[in-house]
Amino acid sequence: MATQGLSVFSITPISSAANQSRRKPIEQFSNFNLPNAFLGAKLSTQPSNFNLVASKRRSCAVATISFSLPDTKLGEIDSDKKPKWSARSIKSFAMGELEARKLKYPNTGTEALLMGILVEGTSLAAKLLRESGVTLFKVREETVNLLGKSDMYFFSPEHPPLTEQARKALDWAVEEKLKSGDTGEITTAHLTLGLWSQKESAGHKIMAALGFDDEKAAELAKNMDKDVILSYK
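Residues numbered from 1 in each chain as written. Predicted model: local features only at pLDDT ≥ 70, side-chain atom pairs only at ≥ 80, totals over all residues. Heavy atoms only, no water.

Unlike most non-glycine residues, K104 shows phi in positive territory, near 60 degrees. Checked against the element boundaries, K104 lands in the loop between α4 (87-102) and α5 (110-120). For K104, a relative accessible area of 25% corresponds to the partly exposed category. (Helix = DSSP H or I, 4+ residues; strand = E, 2+ residues; numbered from the N terminus. Buried < 20%, exposed > 50% of the residue type's maximum accessible area, 1.4 Å probe, protein only.)

When the terminal C-alpha atoms of helix α8 (residues 164-180) are compared, their 25 Å separation across 17 residues agrees well with the 24 Å that a helix rising 1.5 Å per residue should span. Looking only at α8, the buried set comprises A166, A169, L170, D171, A173, V174, E176 and K177. Buried residues along α8 sit in contact with α4, α5 and α9 (188-197). Residue G181 follows α8 closely and has a positive phi angle near 75 degrees. (Expected span 1.5 Å × (residues − 1). Contact = heavy atoms within 4.5 Å.)

Let us now look at the environment of K102. Here K102 is to be found in helix α4. For the pair K102 and F155, spaced 53 residues apart in sequence, the C-alpha to C-alpha distance is 9.2 Å.

Treat this as a map of the structure, not an account of what it does.
Now the structure itself:
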């Protein structure tokens with residue numbers, strides 16, 4: 001009685017060969033034209049080449065950063081005598097621009113360059129700044145206290161132009177390198193001391209307020225031509 005309402009179906013196993021023939025590679029499926037029941041058109045799906053686009057964008061960004069460090073003094077010097085900025089100083093400058101944009105400032109000032117040196121963080125200058133009590137978070141806080149907050153609806157340009165004092169700091173770094181007569185690079189130490197040389201700038205005032213002084217500047221000047229000191233101990 002319990003089996004009167006049941007129908008018996010026979011299940012035929014599918015052979016492995018038939019099963020494999022029904023499988024299609026994902027690559028073939030991605031090129032199919034799929035009919036759209038609503039529009040009566042065909043939608044074609046194509047695999048996106050996202051990795052190639054992303055790699056191109058990364059290379060463009062690196063190129064923008066590498067050649068975006070402005071200076072007025074180097075343009076007046078013969079190419080064979082022209083010193084180069086070190087990789088750490090270039091990165092510090094790029095990070096300074098980014099800090100200015102984070103705070104929505106219209107210009108890259110001495111305070112932003114100081115933050116850039118600390119964001120890069122691996123140079124001898126950054127280490128000495130931290131030991132002196134000049135840390136990234138303190139500099140950010142002092143910057144806002146000194147210069148205030150920008151309008152929330154204001155958006156900084158991609159490369160905020162340098163303030164006059166920031167440009168003078170770069171010029172100082174170039175001049176000091178030329179005075180030394182060495183053939184090495186312009187380091188973050190040159191850049192840091194350039195910021196310190198601008199007595200009326202926000203960067204100098206913040207450094208002084210957090211514990212940096214002429215004695216620390218003299219200590220940094222002893223190793224001005226080095227971005228790092230390697231130890232083999």
